[in-house]
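# Examination of the molecular architecture
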Amino acid sequence: MSQELLSDLRAIVGNSNVLTSDDPGSDLNAWESDWRKLAQGRALAVVRPASTLQVSEIVRACSKHRVSLVPQGGNTGLVVGSTPDGSGRQVVLSLLAMNKVRRLDPANASITVDAGCVLQNVQDICEKEGLLFPLSLGAEGSCTIGGNLATNAGGTQVLRFGNARDLCLGLEVVTAEGEVWSDLSGLRKNNTGYDLRNLFIGSEGTLGIITGATLKTFPLPAATLTSFVAIASVEAAVELLKLANSRLGPSLTGFELMNQEGLSLVAKHYPQQRVPLWESSAYCVLMEASDHESEAHARTLFEQLLEQAFEDGLVTDAVIAESIGQSKALWHVRESISLAQADEGPNLKHDISLPISSIPRFVEEVDAALQQAFPGVRIINFGHLGDGNLHYNIQAATDDRDGMQLGEVRSEITEAVYEAVARFGGSFSAEHGVGALKLNEMERYKAPAALRLMGKLKAALDPQGLLNPGRVVPRSADFSA
Ligand code: FAD
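In what follows, the accompanying structure is described. Residues take numbers from 1 onward in each chain, read along the sequence in its written order. Confidence filtering applies because this is a predicted model: local features only for residues at pLDDT of at least 70, side-chain atom pairs given and counted only at 80 or more, and all residues used for totals across whole chains, interfaces and linings. The side-chain quantities take in all heavy atoms of the structure and omit both hydrogens and water.

Attention now moves to the overall build of the protein chain. Secondary structure elements are taken from DSSP: a helix is a run of H or I of four residues or more, a strand is a run of E of two residues or more, and numbering for both begins at the N terminus. Secondary structure summary: the protein chain contains 16 helices and 19 strands in total. At 23 Å, the protein chain has a C-alpha radius of gyration in line with the 23 Å of a compact globule built from 481 residues. By principal-axis analysis of the C-alpha atoms, the protein chain measures approximately 70 × 55 × 45 Å. Residues classed as buried in the protein chain amount to 55% of the 481 residues present. Whether two residues are in contact is decided by their heavy atoms: any pair within 4.5 Å suffices. Contacts in the protein chain between residues at least 24 apart in sequence constitute 72% of all its contacts with a sequence separation of at least 6. Counting every atom, the protein chain has about 20,500 Å² of accessible surface; 50% of that belongs to carbon and sulfur. His is not counted here, nor are the chain ends, while Lys and Arg score as positive and Asp and Glu score as negative. A charge is said to be at NZ when it belongs to Lys, at CZ for Arg, at CG for Asp and at CD for Glu. Put simply, the protein chain has 40 plus and 57 minus side-chain charges, and the middle of one group is 6 Å from the middle of the other. The size measure is the radius of gyration over C-alpha atoms, and the globule rule it meets is 2.2 Å times the number of residues to the 0.38 power. In this scheme, a residue with accessible area under 20% of its type's maximum is buried, one over 50% is exposed, and one in between is partly exposed, where area comes from a 1.4 Å probe on protein chains only. To measure how exposed things are, a 1.4 Å probe is used in the Shrake-Rupley method; for residues, cover is taken only from the protein chains shown.

Let us look at the site of the ligand. Surveying the vicinity of the ligand reveals 35 residues, the closest of which are Pro71, Gly73, Thr76, Gly77 and Thr144. For this analysis, a polar contact is any N or O atom pair within 3.5 Å, provided that within protein one partner can donate a hydrogen and the other can accept it, and provided that sequence-adjacent residues contribute only side-chain to side-chain pairs. Backbone polar atom of Pro71 to an oxygen atom of the ligand: 2.6 Å apart, as the coordinates give it. Look at the ligand: alone it shows 970 Å² of surface, and the protein chains cover 95% of it. Looking at the shell around the ligand, the elements that each hand over two or more residues are strand S3 (69-72), helix H5 (145-150) and strand S10 (208-216). Here the shell around the ligand gets 4 residues from one element, more than from any other, and that element is H5. We call a residue near a molecule or strand whenever a single non-hydrogen atom of that residue lies within 4 Å of it.

Quick look at the sheet that holds S3 now. Strands qualify as paired when DSSP identifies two bridges or more between them. The 4 strands lie next to each other as S1-S2-S4-S3, forming an open sheet whose pairing is mixed. Edge strands, defined here as strands with exactly one partner in the open sheet, are strand S1 (18-19) and S3. Examined bridge by bridge, strand S2 (residues 43-47) and strand S4 (residues 90-94) share 4 bridges and lie parallel to one another. Residue pairing for S4: Val46 is matched across the bridge by Val92.

Two aromatic rings are characterised by how far apart their centres lie and by the angle between their planes. Any two of the Phe, Tyr and Trp rings considered here, Trp counted by its six-membered ring, make a pair once their centres fall within 6.5 Å; the pair's planes then place it as stacked at under 30 degrees, edge-to-face at over 60, or tilted in between. According to the stated counting rule, one finds 7 aromatic pairs in the structure shown. Ring geometry for Phe362 against Phe424: centres 5.7 Å apart, planes inclined by 85°, an arrangement best described as edge-to-face. One end of the pair, Phe362, is in helix H13 (residues 359-373); the other, Phe424, is in the loop between helix H14 (404-423) and helix H15 (439-445), with 62 residues separating them in the sequence. For the pair Phe362 and Phe424, one class covers both residues: buried. By way of ring pairs, the aromatic residues Phe362, Tyr392 and Phe424 are connected into one cluster. Throughout this description, the term charge over a ring refers to an Arg CZ or Lys NZ atom that lies within 6 Å of the ring centre and within 35 degrees of the ring normal. It is Arg160 that lies over the ring of Phe161; its NZ or CZ is 4.6 Å from the centre.

The next point concerns the sheet that holds strand S6 (residues 110-114). What the 5 strands build is an open sheet, ordered S5-S6-S10-S8-S9; its pairing is antiparallel. Both edges of this open sheet fall to strand S5 (101-105) and strand S9 (180-182), since each of them pairs with a single strand only. On average, each strand axis in the sheet is inclined to that of its neighbour by 15°, with strand direction left out of account. As paired strands, strand S8 (residues 168-175) and S9 are joined by 3 bridges and run antiparallel to one another. Among the inter-strand pairings, Glu172 is bridged to a residue of S9, identified as Ser182. Lines fitted to C-alpha atoms define the axes here, with helix axes fitted over just the stretch in contact, and angles between the N-to-C directions of these axes take values from 0 to 180 degrees.

Along the chain, Gln157 turns up in the loop between H5 and helix H6 (158-161). A distance of 3.3 Å separates a polar side-chain atom of Gln157 from the backbone oxygen of Thr253. A distance of 3.1 Å separates a polar atom in the side chain of Gln157 from a polar atom in the side chain of Glu288. Apart from residues lying up to four places away in sequence, Gln157 is in contact with Pro134, Ser136, Gly162, Thr253 and Glu288.

Turning our attention to the side chain of Gln54. Tracing the chain through its elements places Gln54 in helix H3 (residues 52-64). Setting aside anything within four residues of it in sequence, one finds Gln54 in contact with Ile12, Val13 and Pro49.

Volume-wise, the second largest pocket comes out at about 1,200 Å³. A pocket here means an open set of points on a 1 Å grid, computed over the protein atoms alone, that has protein on both sides within 12 Å along at least five of seven lines. A cavity is instead a set of points where a 1.4 Å probe fits but cannot get out; residues with an atom within 4 Å of a point line either one. Along its surface, the second largest pocket is lined by 41 residues, and Glu127, Leu132, Thr224, Glu288 and Lys328 are the ones closest to its centre. Elements with a contribution of two residues or more to the lining of the second largest pocket: helix H4 (119-128), strand S7 (131-132), H6, strand S11 (218-219), strand S12 (223-231), strand S14 (283-291), helix H10 (295-311) and helix H11 (324-335). Looking at the lining of the second largest pocket, the element that brings in the most residues is H11, giving 6 residues. Along the lines of polarity and charge, the residues of the lining of the second largest pocket split into 17 nonpolar, 14 polar and 10 charged. Grid points are joined across faces, edges and corners, and a volume is the space filled by probe spheres set on the points. The classification used treats Ala, Val, Leu, Ile, Met, Phe, Trp, Tyr, Cys and Pro as nonpolar, Asp, Glu, Lys and Arg as charged, and all other residues, Gly among them, as polar.

With that settled, the discussion passes to a negative patch on the surface. In this analysis, a patch consists of residues with relative accessible area above 30% that form no salt bridge, clustered at 9 Å for like charges and at 5 Å for the nonpolar side chains Val, Leu, Ile, Met, Phe, Trp and Tyr. When a carboxyl oxygen of Asp or Glu lies within 4 Å of a side-chain nitrogen of Lys or Arg, that pair is called a salt bridge. On the surface, Glu303, Glu307, Glu311 and Asp312 cluster together into a patch of negative charge. Mapped onto the elements of the fold, Asp312 is located in the loop between H10 and strand S15 (315-320). On the accessibility criterion, Asp312 (42% relative accessible area) is partly exposed.

Under the counting rule described, the total for this entry stands at 15 salt bridges. Salt-bridge contacts for Glu239 lead to Lys242; the nearest nitrogen and oxygen are separated by 3.3 Å. Separated by 3 residues within a single helix, Glu239 and Lys242 lie in helix H8 (residues 234-248), roughly one turn from each other. Residue Glu239 is classed as partly exposed on the basis of its relative accessible area of 34%. When the shortest N-O distance is used, the salt bridge between Glu344 and Lys268 registers 2.9 Å.

The structure is reproduced here in structure tokens:
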């Protein structure tokens, strides 16, 4: 049966685009293991379609043989959503070969692309035309538009432009039956029934395969300025955010919090990077302002903001980047925290969101509780404070190099963090999604009525349970076959 399916797939995409572990010298590891190396799967095959029609034929072939499909873009997801399980019976559908820009429409302020386009390429193409595509995240050199939409990615510009969902005008999707639904006209208003686009966005490949998207573009700002400031507490950071919002309004395009422990890891592992201000301060904030008038205008606004922040006692020290190079270097510090954590050794990640006003009390309470219950563990707290999104991560104690002690208390720590998140009205997954990693949390914290509705939607749109089974919807709520 598998052989029959493989020959059907080869007939659709050609021999060279169906990869199996039986091929001489083949190594499918890049598709079978996830970015964080949390899971190692085994695929029946990796299939690389070049067109929407091919995706549709592949889905029909898999449906005929009742073989499930795992859509994959750049495989940079952080919740084990894009790799096959260990059965050797799932097909990985890699969208990377579908990487064409279909249409740039400056008058409609939109761009239509294949789902496999790498995010950075889309940003670059827009920039060459004097346009901005504002979705921006650490993995932008590898992640794809399809993956960004399937996970409703966030990143550093959400404060001003929203999540991937807010940047999407339309989708093209291959359904579980192999039908193509296309809505790429780029309309900003279209109240004709259920919002199918928003159903597929954030569904992590469990309801349909995104093959194309029409995205919003924006005018490029005349100048972008970055500032790195030292701050004594999370409370002061929230006050600074309020002040920056009122002074800069929509020009405030980034507001990132970083604690001293996280910055110390960047300084330790990447001595070639200059990490400013961290040694004398419990927290630092990276602020970005984008201005449509001029650099001088942006600088004046920024300087006035900082003057007020010093006067109010919110900021203890500050630097403003003098060039694009310096600005990139400051962002690079922020983006290096995750990598420095990986280099430092075993750690736990919590991608959480909270009402911004609750964050100071949350951090104070949870920091204290963890430090008391698990002495020695290091709290690496950083993230998109402007969106209420923290990466509240835990690094093994310095004498726990292999992470044995952390491993023993991992579930206790995670439970303590998520219990507090629930108590403060937050979410256990702000921007990374659910994948296979957070199914227990779905069962525990998601409202039963929401789970039942999700299960019914899954069963209605994918009755055979063909698309990325075992992801997002817990088994107990999954009514598909
Ligand atoms: P993949 O990892 O390949 O897939 C992710 C999920 O989407 C899987 O469930 C997969 O089945 C599904 N999928 C992929 N393509 C399609 C498709 N065409 N149709 C249907 N389903 C599909 N995320 C953030 O939100 N904000 C950040 O700031 C951020 N920073 C990151 C920094 C680093 C260094 C790394 C490694 C990751 C980061 N991420 C971040 C997570 C990740 O980059 C995003 O989730 C990204 O959107 C995934 O895109 P991808 O193409 O790699 O998708």
